[in-house]
Amino acid sequence: QVQLVESGGGLVQPGGSLRLSCAASGTIFSVNAMGWYRQAPGNQRDLVAVITPGGSTTYTDSAKDRFSISRDNAENTVYLQMNSLKPEDTAVYYCNADVKTTSYSRTYLRHWGKGTLVTVSS
């Protein structure tokens, strides 16, 4: 089985920064794309950023100039550096990873962490 564990969430003032981390562990042969999503109360779970094994990245418009996603392929870990945080960034942030558990798996399966709460407030 595969587990994803997020860390780094918490309370921060507007304009502040946080760095989220997510490590995938368990029975893992390979990891394809990894990403971060967020969900605020009453809203959909929306993409924040995604990164491929080769380092190609995609960001939602509201995050592009303030956030930076990165990964450590050797450790199966993805990071989200969040700068210039705004109250509207307040949400539960979820990590995801597309994982093969064996060398002969035909497809990658998407796994999710349980989420970490980011609260931006003065």
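About the cut-offs
- Residues numbered from 1 in each chain as written.
- Predicted model: local features only at pLDDT ≥ 70, side-chain atom pairs only at ≥ 80, totals over all residues.
- Heavy atoms only, no water.
- Phe/Tyr/Trp six-rings, centres within 6.5 Å; stacked < 30°, edge-to-face > 60°.
- Helix = DSSP H or I, 4+ residues; strand = E, 2+ residues; numbered from the N terminus.
- Buried < 20%, exposed > 50% of the residue type's maximum accessible area, 1.4 Å probe, protein only.
- Lys NZ or Arg CZ within 6 Å of the ring centre and 35° of its normal.
- Contact = heavy atoms within 4.5 Å.
- Pairing = 2+ DSSP bridges.
- Axes fitted to C-alpha atoms, helices over the stretch in contact; angles between N-to-C directions.
- Polar contact = N/O pair within 3.5 Å; in protein donor to acceptor, adjacent residues only side chain to side chain.
- Disulfide = S-S within 2.5 Å.
- Salt bridge = Lys/Arg side-chain N within 4 Å of Asp/Glu carboxyl O.

Description of the packing of aromatic side chains
Inspection of every chain in the model, using the stated rule, returns one aromatic pair. The interplanar angle of 65° and the centroid separation of 5.0 Å between the aromatic rings of tyrosine 37 and tryptophan 112 together place this pair among those described as edge-to-face. In this pair, tyrosine 37 sits in strand 4 (residues 30–39) while tryptophan 112 sits in strand 10 (residues 109–112), placing the two residues 75 residues apart along the sequence. You can call tyrosine 37 buried: its relative accessible area is 14%. Accessibility expressed as a relative area gives 35% for tryptophan 112, which makes it partly exposed. When the ring centre of tryptophan 112 is taken as reference, the NZ or CZ atom of arginine 45 above it lies at 5.0 Å.

Concerning the environment of tryptophan 112
Note: C-alpha distance between tryptophan 112 and valine 5 (107 residues apart in sequence) is 8.8 Å. Residues contacting tryptophan 112, with those up to four places away along its chain left out, are Leu4, Tyr37, Arg45, Tyr94, Cys95 and Asn96.

Quick notes on the sheet that holds strand 7 (residues 67–72)
Taken together, four strands build an open sheet; the order of strands is 1-3-8-7 and the sheet is antiparallel. Looking at which strands have only one partner, the edges of the open sheet turn out to be strand 1 (2–7) and strand 7. Across the sheet, the axes of successive neighbouring strands diverge by a mean angle of 15°, strand direction being ignored. Here strand 1 runs beside strand 3 (residues 18–26); their pairing, made up of six bridges, is antiparallel. Bridge pairing in strand 3 links leucine 4 to alanine 24.

A word on the side chain of arginine 38
In this structure, arginine 38 sits in strand 4. On the accessibility criterion, arginine 38 (15% relative accessible area) is buried. Side-chain polar atoms of arginine 38 contact the side chain of serine 62, separated by 3.1 Å. Non-local contacts of arginine 38, meaning those with residues more than four positions away in its chain, are made with Gln44, Arg45, Asp46, Val48, Ser62, Phe67, Asp89, Ala91, Val92 and Tyr93.

Structural notes on the state of the cysteines
Taken as a whole, this structure holds one disulfide when the rule is applied. The side chain of cysteine 22 participates in a disulfide bridge whose partner is cysteine 95; the two sulfur atoms lie 2.1 Å from each other. Its torsion about the S-S bond being -80°, the disulfide of cysteine 22 and cysteine 95 is classed as left-handed. Linking cysteine 22 in strand 3 with cysteine 95 in strand 9 (residues 91–100), this pair joins segments that are 73 residues apart in sequence. According to the relative accessible area criterion, cysteine 95 is buried, its value standing at 0%.

Overview of the pattern of salt bridges
Scanning the model with the defined rule gives three salt bridges in all. Of the charged contacts, one joins aspartate 89 and arginine 38 as a salt bridge, the two residues approaching to 3.0 Å between their closest N and O atoms. One end of the pair, aspartate 89, is in the loop between strand 8 (77–82) and strand 9; the other, arginine 38, is in strand 4, with 51 residues separating them in the sequence. Of the two residues, aspartate 89 and arginine 38, neither departs from the other in class, the shared state being buried. With a shortest N-O distance of 2.7 Å, arginine 66 and aspartate 89 are connected by a salt bridge. Within this pair, whereas arginine 66 is found in the loop between strand 6 (57–59) and strand 7, its partner aspartate 89 is found in the loop between strand 8 and strand 9, the two being separated by 23 residues in sequence.

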